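Single-letter residue listing:
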Amino acid sequence: FAYSISGEYNAIEHFPTLRGILPLTFGGGWLLAGGVEKPLTPTTPQLKDQTSFGASNVRPVRVANEIIYIQRGGRRVRALGYRFDTDSYNAADLSVFAEHITEGGIVQMAYSQEPDPMLWLVRDDGVLVGCAIDRDQEVIGFCRLVTDGWVESVAVIPNGDVDQVWLLVKRIVDGATVRYVETLEDGLQTDSC
């Protein structure tokens, strides 16, 4: 079925869920629910505008009680989460103090929970960006991970007690373009401080 949700045309980019269905469009974010005391059906959609910060085509990830998405334009990392004080969703800008790190635009994103919560972002220029994130402890810190190649893709795969970060990296070897599937090390192993 088709349903008009605003006075302008904005195709839905993503359908994440968090206390409801949250269609993210190029022009903003919405809350989609059924009628009062009714399930969602084609005849009972209730749409409420939540944010005017539109989403890019980068697939969002869920981190705790927030949906992390890349704002249209590819530079801002936003956290869409419910706020009891306003009874609505807020899309806080996580990258407000690190706009230089997302310069060039974000083209892909993944999230690893263990051993430490990290958001992994691939920039358009092939640079991998890490973001340590723990909103309960008010921790948000961005860093660049520089390599002698071009990171094209990132994925997180659970492996026992940890999440492994896998990369597709393009490199030039002896004048030829080659691609490698690589994994990040599990961290630094030190015996003393």
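This write-up is about the structure you can find in this document. All values derive from a computational prediction rather than experimental measurement.

## Re the overall build of the protein chain
- Across its full length, the protein chain carries 0 helices and 15 strands.
- When burial is assessed residue by residue, the protein chain has 38% of its 193 residues classed as buried.
- In the protein chain, 35% of the contacts between residues at least 6 apart in sequence involve partners at least 24 apart.
- Taken as a whole, the protein chain presents about 11700 Å² of accessible surface, with 50% of it coming from carbon and sulfur.

## Quick notes on the pairing of strand 8 (residues 88-93)
- One ladder, built from 6 bridges, connects strand 7 (residues 77-83) with strand 8; its direction is antiparallel. Residue pairing in the sheet places G81 in a bridge with N90 of strand 8.
- Between strand 7 and strand 8, which follow one another and run antiparallel, lie 4 residues, and D87 among them has a positive phi close to 50°.

## What about the sheet that holds strand 5 (residues 61-63)?
- Taken in spatial order, the 4 strands of this open sheet run 5-6-7-8, and their pairing is antiparallel. Two strands bound the open sheet, and with one partner strand each, they are strand 5 and strand 8. The sheet shows a mean angle of 30° between the axes of neighbouring strands, direction not considered.
- Where strand 6 (residues 66-70) meets strand 7, 5 bridges bridge the pair, whose relative direction is antiparallel. Directly across from I67, in strand 7, lies its bridge partner L80.

## Observations regarding the side chain of S112
- Here S112 shows up in strand 9 (residues 106-112).
- Only 3.0 Å separates the side chain of S112 from the side chain of W120, close enough to count as a polar contact.
- Discounting residues that sit within four places of it in the chain, S112 has contacts with P117, M118, W120, V156, D163 and V165.

## Focus on unusual backbone geometry
- The step from E114 to P115 runs through a cis peptide bond, and the omega angle for that step is 5°.
- Positionally, P115 belongs in the loop between strand 9 and strand 10 (118-123).
- Even without a glycine there, the phi angle at E138 is positive, about 55°.
- Structurally, the position occupied by E138 is in the loop between strand 11 (128-134) and strand 12 (139-145).
- A positive phi is found at D174, a non-glycine position, where the angle reads about 50°.

## Focus: the pairing of strand 11
- The buried count for strand 11 comes to 5 of 7 residues, which makes it a mostly enclosed element.
- Sheet analysis places strand 10 next to strand 11, joined by 5 bridges and oriented antiparallel. Directly across from L121, in strand 11, lies its bridge partner V129.
- Counted between consecutive antiparallel strands, the loop separating strand 10 from strand 11 contains 4 residues, among which G126 sits at a positive phi close to 85°.

## Notes on the packing of aromatic side chains
- Using the criterion set out here, one finds 2 aromatic pairs in the structure.
- Ring geometry for Y82 versus F84: centroids 4.9 Å apart, planes at 85°, classification edge-to-face.
- With a relative accessible area of 66%, F84 lands in the exposed category.
- Taking 5.5 Å as the distance between ring centres and 70° as the angle between the ring planes, the aromatic pair formed by Y82 and Y89 counts as edge-to-face.
- Seen from the ring of F53, R78 lies directly overhead, with NZ or CZ sitting 3.5 Å from the centre.

The rules behind these values
Numbering of residues starts from 1 in every chain and runs along the sequence as written. With pLDDT at 70 or above as the cut-off, local features in this predicted model cover only qualifying residues; side-chain atom pairs require 80 or more to be listed or tallied, and sums for whole chains, interfaces and linings still use all residues. Note: side-chain values were computed over all heavy atoms of the structure, leaving out hydrogens and water. Each helix is a run of DSSP H or I of at least 4 residues and each strand a run of E of at least 2, with the numbering of both proceeding from the N terminus. Note on exposure labels: buried denotes an accessible area under 20% of the residue type's maximum, exposed denotes more than 50%, and partly exposed covers the range between, all computed with a 1.4 Å probe on protein chains only. In what follows, residue pairs with any heavy atoms lying within 4.5 Å of each other are defined as contacts. Computed with a 1.4 Å probe, the accessible areas rest on the Shrake-Rupley method; for each residue, only the protein chains presented here act as cover. Whether two strands pair comes down to DSSP finding at least two bridges between them. Axes here refer to lines fitted to C-alpha atoms; in helices the fit is confined to the stretch in contact. Angles between the N-to-C directions go from 0 to 180 degrees. Definition of a polar contact: a pair of N or O atoms within 3.5 Å, with one able to donate and the other able to accept a hydrogen when the atoms are protein atoms, and with sequence-neighbouring residues admitted only if both atoms are side-chain atoms. Two aromatic rings, drawn from Phe, Tyr or Trp (for Trp, its six-membered ring), form a pair once their centres lie within 6.5 Å of each other, and the interplanar angle then sorts them: stacked below 30 degrees, edge-to-face above 60, tilted otherwise. Consider the ring centre and the ring normal. A charge sits over the ring if Lys NZ or Arg CZ is within 6 Å of that centre and within 35 degrees of that normal.

These results come straight from atomic positions and should not be treated as a statement about function.
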